[in-house]
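Coordinate analysis (summary)
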Amino acid sequence: DTEVTQTPKHLVMGMTNKKSLKCEQHMGHRAMYWYKQKAKKPPELMFVYSYEKLSINESVPSRFSPECPNSSLLNLHLHALQPEDSALYLCASSQVFADSRGQPQHFGDGTRLSIL
Amino acid sequence: RKEVEQDPGPFNVPEGATVAFNCTYSNSASQSFFWYRQDCRKEPKLLMSVYSSGNEDGRFTAQLNRASQYISLLIRDSKLSDSATYLCVVKGFNKFYFGSGTKLNVKP
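Below is a summary of the structure that appears in this document. (Residues numbered from 1 in each chain as written. Chains lettered and ligands numbered in written order. Predicted model: local features only at pLDDT ≥ 70, side-chain atom pairs only at ≥ 80, totals over all residues. Heavy atoms only, no water.)

Here we come to the sheet that holds strand β1 (residues 4–7) of chain A. All names here are of chain A. Ordered by their spatial adjacency, 4 strands build an open sheet running β1-β3-β8-β7, and the pairing between neighbours is antiparallel. The sheet terminates laterally at β1 and β7 (64–70), the two strands that pair on one side only. Averaged over all adjacent pairs, the angle separating strand axes in this sheet is 20°, with direction ignored. Both strand β3 (residues 18–25) and strand β8 (residues 73–79) contribute to a ladder of 7 bridges, which runs antiparallel. Directly across from E24, in β8, lies its bridge partner L73. (Pairing = 2+ DSSP bridges. Helix = DSSP H or I, 4+ residues; strand = E, 2+ residues; numbered from the N terminus. Axes fitted to C-alpha atoms, helices over the stretch in contact; angles between N-to-C directions.)

Written out as structure tokens, the structure is:
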């Protein structure tokens, strides 16, 4: 069982829809991440939140809008997506963001997104 | 040059075989090292952290060579259930860098 939970597990949406992906962790981690993963490729970093503040935005298009309402929750708001945005969206968390203690990331089981 | 490089495989091995994967990283200031396992259409799961002294967890042994900037994963007595993609992950101060993954197929 994963300690990072994501909802929904699957999402099909049209290009004009607005939807949100949700992620929750109760491990007390203060860093949370969104990744996008296409088939047969490694995860690609999108956003990093550290102590509920956006620390990294990897030049992600504005049709993806992250939000961190509190230390346990991370949302990704989607609007006017393109077919090439279809992918597995993974949330991850780690104890802290910038540190030298060697703490790993823990991943949720992802949301499989299909854009029609 | 990529931050982390892995042989994509696939490695096709019979049950019971020993198989080893290597991964090289480009930034000598990298601080932490991990192996993750990812099954098809699933999330990456932490397999083990890699320590300078080397570490073992059952059939799995990980080693780090800082001088040559590579890490390795050795799997002994391969099981069918070991079939997966193995991701090498290297952490700098504020970012995790992923290798492209090495696919392992264990055959009966």
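Now for unusual backbone geometry. Note: most residues except glycine have negative phi, and most peptide bonds are trans. For the bond running from T7(A) to P8(A), omega is -10°, close enough to zero to count as cis. Tracing the backbone through its elements, the reader meets P8(A) in the loop between β1 and β2 (10–13). Look at the link from G9(B) to P10(B): it is a cis peptide, with omega at 5°. Looking at where P10(B) falls in the secondary structure, it is placed in the loop between β1 (4–6) and β2 (11–14). Not every positive phi belongs to a glycine, and E52(A) is a case in point at roughly 70°. Secondary-structure assignment places E52(A) in the loop between β5 (44–50) and β6 (53–57). A positive phi angle is found at R41(B), which is not glycine, with a value near 65°. Here R41(B) lies in the loop between β4 (32–38) and β5 (44–50). When its relative accessible area of 57% is taken as the criterion, R41(B) is described as exposed. (Buried < 20%, exposed > 50% of the residue type's maximum accessible area, 1.4 Å probe, protein only.)

All names here are of chain A. Note that T7 resides in strand β1. As a C-alpha pair, T7 and S20 span 13 residues in sequence and 9.0 Å in three-dimensional space. The residues contacting T7, other than those within four sequence positions of it, are L21, K22 and T111. (Contact = heavy atoms within 4.5 Å.)

This next bit is on the state of the cysteines. Tallied over the entire structure, the rule returns 2 disulfides over all chains. Here C23(A) is linked by a disulfide to C91(A), with a sulfur-sulfur distance of 1.9 Å. Across the disulfide from C23(A) to C91(A), rotation about the S-S bond amounts to roughly -70°, and the bridge is consequently left-handed. Here C23(A), found in strand β3, pairs with C91(A), found in strand β9 (residues 87–94); they are 68 residues apart in sequence, far enough to count as distant. The disulfide partner of C23(B) is C88(B), and the S-S distance across this bridge is 1.9 Å. (Disulfide = S-S within 2.5 Å.)

Scanning all chains against the criterion turns up 12 aromatic pairs over all chains. The interplanar angle of 70° and the centroid separation of 6.2 Å between the aromatic rings of F107(A) and F98(B) together place this pair among those described as edge-to-face. Highlighted residues: F107(A) in strand β10 (residues 106–107) and F98(B) in strand β10 (residues 96–98), drawn from two different chains. For F107(A), a relative accessible area of 4% gives the class buried. Between the aromatic rings of F34(B) and Y36(B), the centroid separation amounts to 6.5 Å while the plane-to-plane angle is 65°, which identifies the pairing as edge-to-face. Of the residues examined, Y36(B) reaches a relative accessible area of 1% and is grouped as buried. Through successive ring pairs, a cluster of aromatic residues spans Y33(A), Y35(A), F107(A), F34(B), Y36(B), F96(B) and F98(B). (Phe/Tyr/Trp six-rings, centres within 6.5 Å; stacked < 30°, edge-to-face > 60°.)

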